[in-house]
Amino acid sequence: MDIILNFFRTYPEMAIFLTIGVGFWVGTLKYKTFSLGTVTSVLLVGVLVGQMDISIPGPIKSVFFLLFLFAIGYSVGPQFFQSLRSDGIHQVIFACILCFLCIGTTFLIAKLMGYSPGEAIGLFAGAQTISAVIGVGGDTISTLNASQADKTAWINIIPVCYAVTYIYGTIGSAYILGTLGPRLLGGIEKVKNATKELEAELRKNTESDDPAFIDANRPIVFRAYKIDTDWFNTPKTVEEIENYLQQNGKRIFVERARIDNKLTEITPTLSLKKGDELVLSGRRETIIEDESWIGEEVYDPELLTFPVEDIFVLLTDKSIHGKTIGYLRQQKCMHGILIKEIKRSGTPIPIYPGTKIYKGDTMELVGLEREIKEAAPSLGYIDRPTNKTDLIFVGLGVLIGGIVGALTIHAGGVPISLSTSGGALLAGLFFGWLRTKHPTFGRVPEPAVWLLNNLGLNMFIAVIGITSGPTFMTGIKEVGFMLFLAGVAATTIPLLLGLWMGDKIFKFHPAINLGCCAGARTTTAALGAIQESIDSTLPAMGYTVTYAVGNTLLILGSVALVLLM
């Protein structure tokens, strides 16, 4: 045992990796639908490891936390700023009010219970499931005019209060929004029917009838057929074939042909007849719906072997900002192009003709190389897959944010600053937005953003758990069971008020209302519960804007909460 203790005390970095590895594993464990989640698991494992009384020197905790905050800001920055100028402004206002309700409810409960600033921050972080508040609140506490002993005690109690309140914060949010919410909005069946009606409306296209877009994430296929029907008794041009298909509600394109046993380049005027073979592209459900108009499908490796591009485009063109998918599909440059997926702030949104797109969205396109070359520049910047992250951009971004956050002003003798962590978040927001304006630099690939988010936050949480381990059980005894009940109230009250406000004041559609509440509270688990409950991905359309606003305001709100306490 002494050998193990000496090893981890001599090499504290190994204790961190032990905590990360075991914590992530514990976070994957589930009992039915219940899971602790990664952050809580890492914290609790860190507390156990911390019983070995391990000292972790140096700024490692702060470094990883700053990277995490910058990555959060970078990922939501484009949507955050675009939402302020789009027709999603009602969702922005809703998210702002709900965030203030979360902060205000926590403040009132903390005051009523006589909590210290540290206990209030821990309650806020856990009840509102915003783990980043642990660091930002702690940084703000360290700037207060109080004794060092008090500040140390307040900072040490934060993870204890977070651990006590986070479990209900997650489970309770998922239950309130996924199960109780639909009942409060008229009943689950009423919400499901209303959602189906809205989906049907969004499928309608005022520019053209395009029912090919009936769900997100449907695979794109290329299939070969031998022409053998009476419709081709008279040869038909490629243009005539595609027009015929679109008139019958099928967005299908002719991509290749073999005429008289020779592969032939496709042009609108190319004529096809019985006995010829051709390749059609489209969504699977559209192509296989009815093949009687053309002939038997054939397996022809030569005909089907050709390069098809599957690329991501960062939307930056002003002319398509706020336009619908239906409008976009009618543009000449989109001929032959199929939309596979659209992500907004990293969240996939449903693809319907009535779905609006905005600058900063990422669109996955499938098509032939010549078609992609024509379409992509008209939409924005091609984000080709890469493993490289612009670390100049990240490093200077965190530095600039830290300098801004470190600036302190005094109001009535009280020092006020965003702290370096708050500055890193704002820098991420700005630099994420800046890349939509100048996409040739500042690339941080999605896997890298995921790593910065997850490793950055959990490395920080691991250090918190290890260093607070020796005093954690004492802290549990100090806060008591009443803190858990305080967390239940702090989680439940804002969500119930948010559901009522979204329904009665903002008049949101029920599915959008539920998504907005989940987004403003930045609780992804609740979004999954909602979508499963009403059997639709539509709530994601209310989640993305409010998630960007909520992530920003709740994190910065922890600064205000400390000062208020």
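The preceding data block contains the structure.
Residues numbered from 1 in each chain as written. Predicted model: local features only at pLDDT ≥ 70, side-chain atom pairs only at ≥ 80, totals over all residues. Heavy atoms only, no water.

Asker: It is not clear to me how helix H5 (residues 89-113) should be interpreted in this structure. Could you clarify?
Answerer: One full turn of an α-helix is made of 3.6 residues, so residues set three or four places apart face in the same direction. With 25 residues, H5 extends 36 Å between its outermost C-alpha atoms, agreeing within 8% with the 36 Å of an ideal straight helix rising 1.5 Å per residue. Of all the residues in H5, the buried ones are Gln-91, Val-92, Phe-94, Ala-95, Leu-98, Cys-99, Cys-102, Ile-103, Thr-105, Thr-106, Ile-109 and Ala-110. Immediately beyond the C-terminal end of H5, within one or two residues, lies Gly-114, with a positive phi of roughly 70°. (Helix = DSSP H or I, 4+ residues; strand = E, 2+ residues; numbered from the N terminus. Expected span 1.5 Å × (residues − 1). Buried < 20%, exposed > 50% of the residue type's maximum accessible area, 1.4 Å probe, protein only.)

Asker: Which parts of the structure should I look at to understand the packing of aromatic side chains?
Answerer: Aromatic ring pairs are reported here in terms of the distance separating the ring centres and the angle at which the planes meet. Applying the stated criterion across every chain, the model contains 19 aromatic pairs. Ring geometry for Phe-94 and Phe-506: centres 5.6 Å apart, planes at 90°, overall edge-to-face. One end of the pair, Phe-94, is in helix H5; the other, Phe-506, is in the loop between helix H17 (446-504) and helix H18 (510-520), and 412 residues separate them in sequence. Phe-94 gets classed as buried once you look at its relative accessible area, which sits at 0%. Taken together, the ring pairs connect Phe-70, Tyr-74, Phe-393, Phe-430, Phe-431 and Trp-433 into an aromatic cluster. Over the aromatic face of Trp-231 sits the side chain of Lys-236, whose NZ or CZ is 4.7 Å from the ring centroid. (Phe/Tyr/Trp six-rings, centres within 6.5 Å; stacked < 30°, edge-to-face > 60°. Lys NZ or Arg CZ within 6 Å of the ring centre and 35° of its normal.)

Asker: It is not clear to me how unusual backbone geometry should be interpreted in this structure. Could you clarify?
Answerer: Across residues other than glycine, the phi torsion is negative in most instances, and most of the peptide bonds are trans. The phi angle at Thr-129 is positive, at roughly 50°, despite the residue not being glycine. Position of Thr-129 relative to the elements: it lies in the loop between helix H6 (117-127) and helix H7 (133-141). Of the residues examined, Thr-129 reaches a relative accessible area of 10% and is grouped as buried. Even without a glycine there, the phi angle at Asp-535 is positive, about 55°. Within the secondary structure, Asp-535 is located in the loop between helix H19 (524-534) and helix H20 (540-564).

Asker: Would you mind showing me how to read the sheet that holds strand S12 (residues 380-382) here?
Answerer: In a beta sheet, neighbouring strands pair by backbone hydrogen bonds and run either parallel or antiparallel. Overall, antiparallel pairing links the 5 strands, which are arranged S10-S9-S11-S8-S12 in an open sheet. The open sheet has two edge strands with one neighbour each: strand S10 (347-348) and S12. As defined by bridge partners, strand S9 (residues 338-344) adjoins S10 across 2 bridges and the pair is classed as antiparallel. Considered in S10, the bridge of Lys-343 is made with Pro-348. (Pairing = 2+ DSSP bridges.)

Asker: For this particular structure, what's the right way to read the packing of H18 against H20?
Answerer: What describes two packed helices is the angle between their axes and the distance between those same axes. It is at 6 Å that the axes of H18 and H20 come closest, and there the two elements cross at 25°. In terms of orientation, H18 lies roughly parallel with respect to H20. Relative to H20, H18 is oriented so that their crossing is right-handed. The segment H18 lies against H20, with Ile-512, Gly-515, Cys-516, Ala-518, Gly-519 and Ala-520 engaging Met-541, Gly-542, Tyr-543, Thr-546, Tyr-547, Gly-550 and Leu-554. (Axes fitted to C-alpha atoms, helices over the stretch in contact; angles between N-to-C directions. Parallel < 35°, antiparallel > 145°, perpendicular 65-115°, else oblique. Left-handed = near helix turned anticlockwise from the far one by under 90°. Contact = heavy atoms within 4.5 Å.)

Asker: Any chance you could explain the environment of Leu-368 here in plain terms?
Answerer: When you line up the elements, Leu-368 lands in strand S11 (residues 362-368). Taking C-alpha positions, Leu-368 is 30 Å from Asp-390, a pair spaced 22 residues apart along the chain. Look past the residues within four positions of Leu-368 in its chain and what remains in contact with it is Glu-255, Phe-306, Pro-307 and Val-308.

Asker: Would you mind going over a nonpolar patch on the surface with me for this structure?
Answerer: On the surface, a cluster of nonpolar side chains totalling about 580 Å² of accessible area is made up of Ile-392, Leu-396, Leu-399, Ile-400, Ile-403 and Val-404. Mapped onto the elements of the fold, Ile-403 is located in helix H15 (residues 391-406). (Patch = residues over 30% accessible without salt bridge, like charges linked within 9 Å, V, L, I, M, F, W, Y side chains within 5 Å. Areas by Shrake-Rupley, 256 points an atom, 1.4 Å probe, with all protein chains shown as cover. Salt bridge = Lys/Arg side-chain N within 4 Å of Asp/Glu carboxyl O.)

Asker: Just to check I follow, could you spell out the nonpolar core for this structure?
Answerer: What tends to happen in soluble globular proteins is that the nonpolar side chains get buried as a cluster. With 82 residues, the main nonpolar core has Ile-16, Ile-54, Leu-69, Leu-123, Phe-124 and Ile-461 as its most contacted residues. Setting aside anything within four residues of it in sequence, one finds Leu-123 in contact with Thr-106, Ile-109, Tyr-115, Gln-128, Cys-161, Thr-165, Leu-483, Ala-486, Gly-487 and Ala-490. Val-76, Phe-94, Leu-177 and Leu-495 belong to the second largest nonpolar core, which has 36 residues in total. (Core = buried A, V, L, I, M, F, W, Y, C linked by side-chain atoms within 4.5 Å.)

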